[in-house]
Amino acid sequence: MPSPSIHLSDIFSPSQAGPTQYKSAPRERSSDKLWSIYLAESDRQDRANAQGWKDDANGFLVFAGLFTLTVATFIVESYKELSADSSNESVLLLRQISLQLASQGGTAGAAGAVGVTNPAPFHPSTPVVCVNAMWLLSLVLSISSALAATLMQGWACRYIQLPHLPAAPAERARVRAYLYRGVLKYGVPRAVEAAPMLLHLAIALFLAGLVVFFFTIFRTVAIVLAAGVGVLALAYAVLTVLPCIDLRSPYRTPMSNVLWFAWHAALVLPSSLAFGLVNVLHSALVPPNLGDITSRRQRVLARWLESLGASVRTHTSALTHGVRRSVVRAALHAPPKEDTAALAWLLDTPALAHDAALEAFIASAPDSTLLQLTQHPAARFRDRLHALLQSGLATGDAAPLAACLRALQPTLCAYNGVVYRGADFDAAPALLDDLRARFAPPDVLHALCVHTDPAVRTAALGTRALLARTLLRRRTPPSAAQLAWLRDALGAGAPAQLAAPGGPAALEHANTDAFVRGALARGGPGTAFAETLAVLLGAGGRADFQRKAEQLLRRAERDEALRDVRVPLREALEGVSGGGAGEEALVVPPSPHAPSSRPRSPSTPGGTAGSRRQSVATSQLMVEVGSGRLSAAL
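Only a predicted model underlies this, so the values are computations on that prediction, with no experimental measurement involved.

(A) Quick peek at the overall build of the protein chain. Within the protein chain, the secondary structure is distributed over 25 helices and 3 strands. Evaluated residue by residue, the protein chain yields a buried proportion of 37% over its 634 residues. Across the protein chain, contacts joining residues at least 24 apart in sequence account for 68% of those joining residues at least 6 apart. Total accessible area computed for the protein chain in this model is approximately 36000 Å², and 62% of it derives from carbon and sulfur atoms.

(B) Quick look at the packing of helix H8 (residues 219–245) against helix H9 (residues 254–285). Running from N to C, H8 and H9 point in directions that differ by 50 degrees, and their axes come no closer than 9 Å. With respect to their mutual orientation, H8 and H9 come out oblique. Seen along the crossing, H8 lies across H9 with a hand that is right-handed. Contact with H8, carried on its side by Tyr236, Leu239, Thr240, Val241, Pro243, Cys244 and Ile245, involves Pro254, Met255, Ser256, Leu259, Trp260 and Trp263 of H9 and no other residues of that element. Split by residue class, the contact of H8 with H9 holds 11 nonpolar, 2 polar and no charged.

(C) Main features of helix H16 (residues 429–439). The complete set of buried residues in H16 reads Leu431, Leu432, Asp434, Leu435, Arg436 and Phe439. Elements that come into contact with the buried residues of H16 comprise helix H13 (367–375), helix H14 (381–395), helix H15 (398–415), helix H17 (442–449), helix H18 (454–472) and helix H19 (480–490).

(D) Seen up close, the packing of aromatic side chains. Summed over the entire model, instances satisfying the criterion amount to 10 aromatic pairs. Summarising the aromatic geometry, the rings of Phe67 and Phe206 are spaced 5.6 Å apart at their centres and angled 85 degrees between planes, so their arrangement reads as edge-to-face. In this pair, Phe67 sits in helix H2 (residues 25–78) while Phe206 sits in helix H7 (residues 188–215), placing the two residues 139 residues apart along the sequence. By relative accessible area, which is 8% here, Phe67 ends up buried. Three or more aromatic residues joined by ring pairs make a cluster, and in this case those are Phe63, Phe67, Phe74, Trp135, Phe206, Phe213 and Phe214. Directly above the aromatic system of Tyr180 lies the positively charged group of Arg176, at a separation of 4.4 Å from the ring centroid.

(E) Geometry of the pattern of salt bridges. A full pass over the atoms with the stated rule returns 15 salt bridges. Between Glu338 and Arg248 there is a salt bridge, with its nearest N and O atoms 3.3 Å apart. Taken together, the positions of Glu338 in helix H11 (residues 337–347) and Arg248 in the loop between H8 and H9 put the pair 90 residues apart, joining distant regions of the chain. Classification of Arg248 by relative accessible area gives exposed; the value is 60%. Between Asp434 and Arg438 there is a salt bridge; the shortest N-O distance is 3.7 Å.

(F) Broad picture of the environment of Val450. Tracing the backbone shows Val450 in the loop between H17 and H18. For Val450, a relative accessible area of 51% gives the class exposed. Separated by 10 residues in sequence, Val450 and Ala460 place their C-alpha atoms 8.9 Å apart.

(G) A look at H19. All of the buried residues in H19 are Gln482, Trp485, Leu486 and Ala489. Summarising the axial view, the buried residues of H19 lie within an arc of 100 degrees, below the 170-degree limit, and thus occupy one face. In the core, the buried residues of H19 are packed alongside H16, H17, H18 and helix H20 (494–499). Trailing H19 by a residue or two, Gly491 shows a phi angle of about 115 degrees, which is positive.

(H) How the structure looks around the nonpolar core. With 75 residues, the main nonpolar core has Ile362, Phe381, Trp485, Val516, Phe529 and Leu569 as its most contacted residues. No other element matches H15, which puts 11 residues into this core. With residues up to four places along the chain from it excluded, the contact list for Val516 reads Phe529, Leu533, Leu552, Val565 and Leu569. Val71, Ala149, Met152 and Tyr159 belong to the second-largest nonpolar core, a separate cluster that totals 31 residues.

(I) Quick look at the environment of Ser36. Its location among the elements puts Ser36 in helix H2. On the basis of relative accessible area, Ser36 is assigned to the partly exposed category, the value being 35%. Spatially, the C-alpha atom of Ser36 lies 9.3 Å from that of Arg172, the residues being 136 residues apart in sequence.

The rules behind these values
Residues numbered from 1 in each chain as written. Predicted model: local features only at pLDDT ≥ 70, side-chain atom pairs only at ≥ 80, totals over all residues. Heavy atoms only, no water. Helix = DSSP H or I, 4+ residues; strand = E, 2+ residues; numbered from the N terminus. Buried < 20%, exposed > 50% of the residue type's maximum accessible area, 1.4 Å probe, protein only. Contact = heavy atoms within 4.5 Å. Areas by Shrake-Rupley, 256 points an atom, 1.4 Å probe, with all protein chains shown as cover. Axes fitted to C-alpha atoms, helices over the stretch in contact; angles between N-to-C directions. Parallel < 35°, antiparallel > 145°, perpendicular 65-115°, else oblique. Left-handed = near helix turned anticlockwise from the far one by under 90°. Nonpolar A, V, L, I, M, F, W, Y, C, P; charged D, E, K, R; others polar. Phe/Tyr/Trp six-rings, centres within 6.5 Å; stacked < 30°, edge-to-face > 60°. Lys NZ or Arg CZ within 6 Å of the ring centre and 35° of its normal. Salt bridge = Lys/Arg side-chain N within 4 Å of Asp/Glu carboxyl O. Arc of directions from axis to C-beta. Core = buried A, V, L, I, M, F, W, Y, C linked by side-chain atoms within 4.5 Å.

Read these as spatial facts, not as claims about activity.
Printed below as a string of structure tokens:
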């Protein structure tokens, strides 16, 4: 027996057969808020689209009117050439009369010599016919484009007004959705783009007819005019093709969309056929396996399949998304240097002219962005940071000092093997020397490392420790200026110990201990303590960080210099949460001075200096850093 149908409206709303129990009005009213949100967003988009349609229509409507008047003026003069001229016929008749009079009153020989001929029937020349045909067709297309512009304005007004006729938000939303589906079904956006195309075709026909017209009158003028029209046609062709070649090109014409679809439609078919043919060859020539490439023939066919498959996907995606969506997709998949260039431009605008605005910018920027800006050659980011540092030192304000040190930390971490997702790093020695000379001179670091603000003090100690670790891990001998800086940062015996066997590893331990002691001796550490400590320890993952942190704690129990900070150190390490993933990915390779339990791949980024690119290998351990918390993932 089938189950009976259940209608909640009959149970919880007034019914003719029974008393009123519940009413559905509260539920209807609760849905009004949902549809009101939908209407607010859709109304904003619809008004923007409709206003764009109106602006386009108004723009070429005026030009279409002026152009129509110009074409009509030329047609008034040219259409007369399609029929016989009455004045020419009058001249011919007078000539015949004069000849007849001469034959009657003159000599017979003269009359016979002149003779009288009947006029031949009139036929307009081919150039005249072509000129009038092109100009009349140009006039028709121009009037049609003006008519289309008028219709577009009416469509836009109707599309905006109809959804506002019902009173209930749900009904208005349904009307809007109904009309919007009609807009998509009948391709109104494409129709709007086609209207200017009619006007452009009209202009092309008019110019072509103008050249032919002057060739029938005066050849020299016609040649000069043809040269000018040719240059204009070439420029128009370039503007049409450019968006199809480079999606970032701002130049386009109404014919660009037509060329776009024709271009990709013409390429997707041969690409698909070639892909199918190579796939058949691969199936016939390569024995079945588990995907391993075992022969040169298979490698070549696999490369062809990959290339042709990418071509088919590219052309299919271009046909599916069109020009506008393809531009958006290309922008979203652009390399990070596009964002860096945009932010470099922002730094030169009045919006970031004040220190407070720059501090807010640094606080909201991810580490990868700060890294890219610091090494960007055209950006004045380092100059602005140096001015911010000097301002903080002059006023004693902690905010600019903390912002400056916060902006420098990603670059110093990158020199120590940290890799940020979405950022490329070029470990150039010149950039390191610039950072050391401008932002970490000994007198400035001494003042910052004893600052009363914990964030400034921890960041300054971290800057000194990271910079020292970078210099200690260099494979090339440090310069005299770098040795002097290490002597001031790590003690007078640092240069001699650096040259001794095992000295770099001992100096790294001393550098880490100095950072921990300075950050914890005067109260709680700043938010960058855990991240800096992970880099100084060379932690390659969560387990590695915990193991090295325990070694540091055991050393603090034995070392007199660290015994005073062992309790705050344990509390700081216990406060590091292992859950939650941040936005920035770090890859910290192990120290080259410490023994490793497993061999390291040559592609693993190490601590070498010099101009090289550091990339993320899939086999490396990643440490996610965000909001002062560390978490690791394979």
